Amino acid sequence: MSRSHKVFPTVHLHPNAFLARAALLVLLYLGTGHLGLAVTYLSPHISLLWLPAGVAVAGLMRYGNRMLGVIYLAAFLQDLSAGLSPATAALVSFGNTLAAFVCCMVLRYKEVHPQFLQRKDVVWFTIAAMLGMTMSASIGTLVLGWHGWVENLPLTWSTWWAGDLVGTLLMAPLLLSLSASSVKDLIKRREEIIIFLLIFCTINWFIFMVTERQIDLTFIVVATTIWSALRFGVTGATAIALASSAIAALATASGRGPFTDLQSESSLLVLWAYMFTMTIVALVITALQAESLQAAREIQDALERINKVASRLPGLIMQYRIRADRSVSVPYASDAILGIFEVTQEQVVSDALHVLQKIDSGDVEKGNISLREATRTLSPWQNEFRFRRADGTVRWLMVDALPEREADGAMLWHCFVSDITERKQAEKDLRIAAFTFESQEGIFVTDADWQILRVNHAFSKIAGYDSNELIGQKIRRHYDKQQDKAFYDVLMDYLKEHHFWQGELWNRRKNGEIYPQMITVTAITDSRGDITNYVGSFTDISRHKGYEAEIRNLAFYDPLTQLPNRRLLMDRLQHLISISKRNESHSAILFIDLDNFKTLNDTRGHDAGDILLVETARRLQTCMRECDTVARLGGDEFVVVLEELSHTRNEAIQQTDRIAEKIRQVLSQPYAIMDFEHHGSSSIGACLFQGNDVTVKDLFKRADTAMYEAKTSGRNAVRFFDPAMQAILVVRMMLESNLRLALAQNQFQLYYQVQVNSDGKLIGAEALLRWIHPDRGFISPADFIPLAEETGLIIPIGLWVMETACAQIKLWEAHEDSRHLSLAVNVSAKQFKQADFVEAFTEIVHRHGIDPTRLKIELTESTVLDNVDATTEKMHQLKKLGISFSMDDFGTGYSSLAYSQRLPLNQLKIDQSFVRDLSDDENDATIVRAIISLGVNLGLNVIAEGVETDAQRSFLIQHNCLAFQGYLFSKPLPLDGFLKLLALDSSKNPT
């Protein structure tokens, strides 16, 4: 232990704190001085127990030499109070101060610990006190003798020296050991301390206060001192020694106790020996206790260090004892036992048989054979065995043990157990690797300079070389335009950085044949990260290359026309866009759609259609330059990409127009298809572009828009993309986006167009969907209904219409004036074709609890006739529910009497296009009369829409059409307006 750690540290005090400590030191000095004067044995006032000497030593040890003046002052005041003259007191005080200073100098030099942790601390403390107190006794005796106040100088000196020595030994250790921690430790043991003090007081009272006693029991006090030293440390021990000494001194001074029976000088000597013994015993026992604890700590530290070292070893250190009765135990094991055997040392210290039960039975039998032989010859024992863990996994363990025969016949094995599972796995992997090395792949191993160390049989078979021709040679490289030196430099750099490379290489066989190989190369490094070897494996992919070409052809070319497909076209367009800005030339894309191709397929079959597509592809290729691309997107759609057009936009447009017109004319020529001649045409949309400010997706959209414009213009035409077309598309996209929000934000409303009978009475209404946009206001159904059909939004919108209509019918049923009304709802073809339409519609009707006979579904002819069988089945299911059906816009489609008879219709609705010109166009009048006659003959109700004049109404009534709707009666009204009209009708036509 270093000097700085052993010597009691000097406390550096703030001036205020210093004054407080100084005052406390003076008071303590004077207080203990008065106590010492109470037991004066020689005149003038020479005490055998002078505690101020210990106070002075403790003060200097704790607070340093700055307290010398304070101690001198306290001693001077004490001597004045004892009756000495100032001059005498000054000299005596100097001796007392010098004694404390000398004592502290020795203590500091010998690094005596204030807690007396070693016996040498007690020895040197005693020696220091003896030396120091020699100064005070010598100077004090000389001063008193010089004044003639003492006669027996040797007795005076020895009494003075003995009193100062005992006072120092008693008081200084107590004050030096006092600290907050020591006080807390004593407080924690307050119950034991109380019991001890009761016993201590009883013993001392009986020894020193009881006058009539038969035997001297002074030695018992030594036992209490030993008890206090063992249990309460140096603070408690010195306190008890001080108390015992004080009691003995006071009792002896008052003529009591065992020391008064002796002669005067003998009594003083025995009393001093008693106090000195109490002090030394207390300090020595304390030091012995501290040494014992320190030794225990050192042993524990050493054991912990051993355990730490053992824990760092890659295995378990243990002792394994086999007794004569074949029982086993583990006296010692490092912490690794928990990780290896899943037990603690405490669980196997007396019995370890339960651990042996987890060892593989076959390994136990083999191990016992070698163990018996090692026991017989007292030789080292090694064994490998499998151990099953609690989670079911099996670990390979290895034990390496040395035997030691014990006196009782037991055999103690000093063992080191290691987990060799990874090694076992590595051995297995090596066996597998050796087998794998002779696989169907060519494998080679080289050193860091690519010199071949080993090749397998497959390598020789693929390359055509014998292994003897390759070992010691550098790996051969094949150079060509693609695999030049720069290529191999990049490969090597990649290997150095990533230690792995995989790819395709071309190589040369021994016979000179060039072949492709898929190769994987791995760089092997040492512990420093330096490459030591290369391991490569490869396969001959000549056959795969043929497959790859075929797969590429299937992936990037249309199998029918052998033209590039959409994927290849997209790649080429993307490349063209990226390079077109650099050369500043224009390019163009042509979207070509064959007119009426579906009709040919439907009437002549798909074989005829395929012949037309192949011939179209051939004709397109004849119109193209070498730099241009012709592709088939699918169906009857073709795309032509024109490259390297003029740098001037107008000239580029003219070039594109000429090529497009040429294509149109070529595709308009007759086609000889099987046994007939087909006359076809095409609609072509063109889009010009330059630079990379456009995406492939944008080009497709623009060309498709232009092609659609060509279709709209009458087909067999060429149209260029116009920004106005794009604007229309943008508006359409915005409309679609708003349409998706409309349903969630409740922007839709139902308007009601009244339906009346021939008497003018309101009999129902047709529910019409209206969209009231918060910013754009009213949006026509003609604008958003087709868009909803295209996007599929018509399905959730249609469900909302059904929900709202059923809820409205339920409200009408609650009132007398409206419960007779029926409500017609239009259902789109897309919605009606949904597989769950009937179930969803039925659930809505049942949930609202309406009378289903009041609900009428209006279907268009195209919806009904698209798939008559499926439509009829759904209509019959809903008919059973009570729902009625009306065929909307009857007469405008391809109506069939046979189909009309099969359908469970309730009503025919005459389209307003026939009603509008009823009075002026005899053809329309004839059609209307025929529809009415058909409905009457089929037993169906007939209603006419678009009735706007009394003449139209009269004509319809005259020919037995007795239900109407149109502006003659009312425009479509919101709910409030419809209810007002209903109230007015009820007042005119009371029930």
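Here, the structure is the one placed above.
Thresholds applied
Residues numbered from 1 in each chain as written. Predicted model: local features only at pLDDT ≥ 70, side-chain atom pairs only at ≥ 80, totals over all residues. Heavy atoms only, no water. Helix = DSSP H or I, 4+ residues; strand = E, 2+ residues; numbered from the N terminus. Buried < 20%, exposed > 50% of the residue type's maximum accessible area, 1.4 Å probe, protein only. Contact = heavy atoms within 4.5 Å. Areas by Shrake-Rupley, 256 points an atom, 1.4 Å probe, with all protein chains shown as cover. Expected span 1.5 Å × (residues − 1). Arc of directions from axis to C-beta. Pairing = 2+ DSSP bridges. Polar contact = N/O pair within 3.5 Å; in protein donor to acceptor, adjacent residues only side chain to side chain. Core = buried A, V, L, I, M, F, W, Y, C linked by side-chain atoms within 4.5 Å. Axes fitted to C-alpha atoms, helices over the stretch in contact; angles between N-to-C directions. Parallel < 35°, antiparallel > 145°, perpendicular 65-115°, else oblique. Left-handed = near helix turned anticlockwise from the far one by under 90°. Salt bridge = Lys/Arg side-chain N within 4 Å of Asp/Glu carboxyl O.

Novice: Explain the overall build of the protein here, please?
Specialist: What the protein contains, in helices and strands, is 37 helices and 28 strands. Expressed as a percentage of the 991 residues in the protein, the buried residues total 44%. Sequence-distant contacts in the protein: of pairs separated by 6 or more residues, those separated by 24 or more amount to 62%. A total accessible area of about 50900 Å² is found for the protein, and carbon and sulfur atoms account for 56% of it.

Novice: Before we go on, may I ask you to explain unusual backbone geometry in this structure?
Specialist: Trans is the common state for peptide bonds, and a negative phi is the common state for residues other than glycine. Positive phi, normally seen in glycine, also occurs at R326, with a value near 70°. Following the sequence through the fold, R326 ends up in the loop between β3 (316–322) and β4 (328–333). On the basis of relative accessible area, R326 is assigned to the exposed category, the value being 59%.

Novice: Looking at this model, I keep getting lost on helix α24 (residues 649–667). Mind explaining?
Specialist: Given 3.6 residues per turn, any residue in an α-helix points the same way as the ones three and four places further on. Relative to the 27 Å expected for 19 residues at 1.5 Å per residue, α24 spans 27 Å between its end C-alpha atoms, a close match to the ideal helical length. All of the buried residues along α24 are A652, T656, I659, A660, I663, R664 and L667. Angularly, the buried residues of α24 cover 140° about the axis, an arc narrow enough to put them on a single face. Opposite its buried face, α24 presents the exposed residues N650 and R658, each directed more than 90 degrees away.

Novice: Help me out: how do you make sense of the environment of V641 in this one?
Specialist: Along the chain, the position of V641 falls in strand β15 (residues 637–642). C-alpha of V641 to C-alpha of I589: the two residues are 52 residues apart in sequence and 4.6 Å apart in space. Contacts of V641, omitting those with residues within four sequence positions, involve L569, L573, L576, A588, D628 and T629.

Novice: Got a minute to help me understand the pairing of strand β11 (residues 514–525) in this structure?
Specialist: Where a strand is regular, its side chains alternate between the two sheet faces. Where strand β10 (residues 500–508) meets β11, nine bridges bridge the pair, whose relative direction is antiparallel. Across the sheet, the residue bridging to W501 is V521, located in β11. Count of turn residues in the β10/β11 antiparallel hairpin: five residues, of which G512 carries a positive phi of about 95°. Inspection of the sheet shows β11 paired to strand β12 (residues 531–540) by nine bridges, in the antiparallel sense. Bridge assignment links T525 to a residue of β12, and that residue is I531.

Novice: Teacher, can you tell me more about the side chain of T705 here?
Specialist: Mapped onto the elements of the fold, T705 is located in helix α25 (residues 696–712). At a separation of 2.7 Å, a polar atom in the side chain of T705 contacts the main-chain carbonyl oxygen of K701.

Novice: So what exactly am I meant to see when it comes to the nonpolar core here?
Specialist: Side chains that are nonpolar tend, in soluble globular proteins, to be buried together. Core analysis: the largest hydrophobic core is formed by 71 residues, its most contacted members being L49, V57, M67, L107 and F125. Elements with a contribution of two residues or more to this core: α2 (15–37), α3 (52–63), α4 (68–81), α5 (86–109), α6 (119–147), α7 (153–177), α10 (219–253) and α11 (264–312). With 12 residues, the top contributor of residues to this core is α7. The contacts of M67, once residues within four sequence positions are left out, are F18, R21, A22, L25, G59 and L60. A767, F784, V827 and L982 belong to the second-largest nonpolar core, a separate cluster that totals 68 residues.

Novice: Which parts of the structure should I look at to understand the packing of helix α30 (residues 837–848) against helix α32 (residues 868–881)?
Specialist: Angle between the axes and distance between the axes: these two values describe a pair of packed helices. Here α30 crosses α32 at 15°, and the two axes come no closer than 10 Å. Classified by the angle between their axes, α30 and α32 sit roughly parallel to one another. The crossing of α30 and α32 is right-handed. Taken together, the residues of α32 that come into contact with α30 (itself represented by F837, V838, F841, T842, V845 and H846) are K874, Q877, L878 and L881.

Novice: Where do I start with the sheet that holds β12 in this structure?
Specialist: In sheet architecture, strand pairing relies on hydrogen bonds along the backbone and comes in two forms, parallel and antiparallel. Across the sheet, five strands lie side by side as β9-β8-β12-β11-β10; this open sheet has antiparallel pairing. Since the sheet does not close on itself, it has two edges, and those belong to β9 (452–455) and β10, each with one partner. Taking each pair of neighbouring strands and ignoring which way they run, the sheet shows an average axis angle of 25°. Bridge count for strand β8 (residues 442–447) against β12 is six bridges, and the pairing is antiparallel. What sits directly across from F444, in β12, is G536. Helix-sheet contacts for helix α19 (residues 485–498) involve β10, β11 and β12, and the interaxial angle to β10 is about 150°.

Novice: What is the right way to read α30 from this model?
Specialist: The terminal C-alpha atoms of α30 lie 17 Å apart, and with 12 residues this matches the ideal 16 Å at 1.5 Å per residue to within 8%. Residues F837, V838, F841, T842, I844 and V845 constitute the buried set of α30. For α30, the angular spread of the buried residues around the axis is 160°, confining them to a single face. Where α30 is buried, its residues touch α28 (794–813), α29 (829–832), β24 (855–860) and α32. One or two steps after α30, the chain reaches G849, where phi turns positive at roughly 65°.

Novice: I would appreciate a short explanation of the pattern of salt bridges in the present structure.
Specialist: Oppositely charged side chains are able to pair whenever their charged atoms sit close together. Throughout the structure, instances matching the rule amount to 29 salt bridges. When the shortest N-O distance is used, the salt bridge between E422 and R395 registers 3.0 Å. Of this pair, E422 sits in helix α16 (residues 421–437) while R395 sits in strand β6 (residues 394–405), and the two are 27 residues apart along the sequence. Between E843 and R847 there is a salt bridge whose closest N-O contact spans 2.8 Å. With a gap of four residues between them, E843 and R847 both fall in helix α30, about one helical turn apart. Given the relative accessible area of 40%, E843 is considered partly exposed.

Novice: Where do I start with the environment of T860 in this structure?
Specialist: Checked against the element boundaries, T860 lands in strand β24. Along the sequence, T860 and D888 sit 28 residues apart, while their C-alpha atoms lie 4.8 Å from each other. If near-sequence neighbours (up to four positions away) are discounted, T860 is found in contact with D888 and D889.

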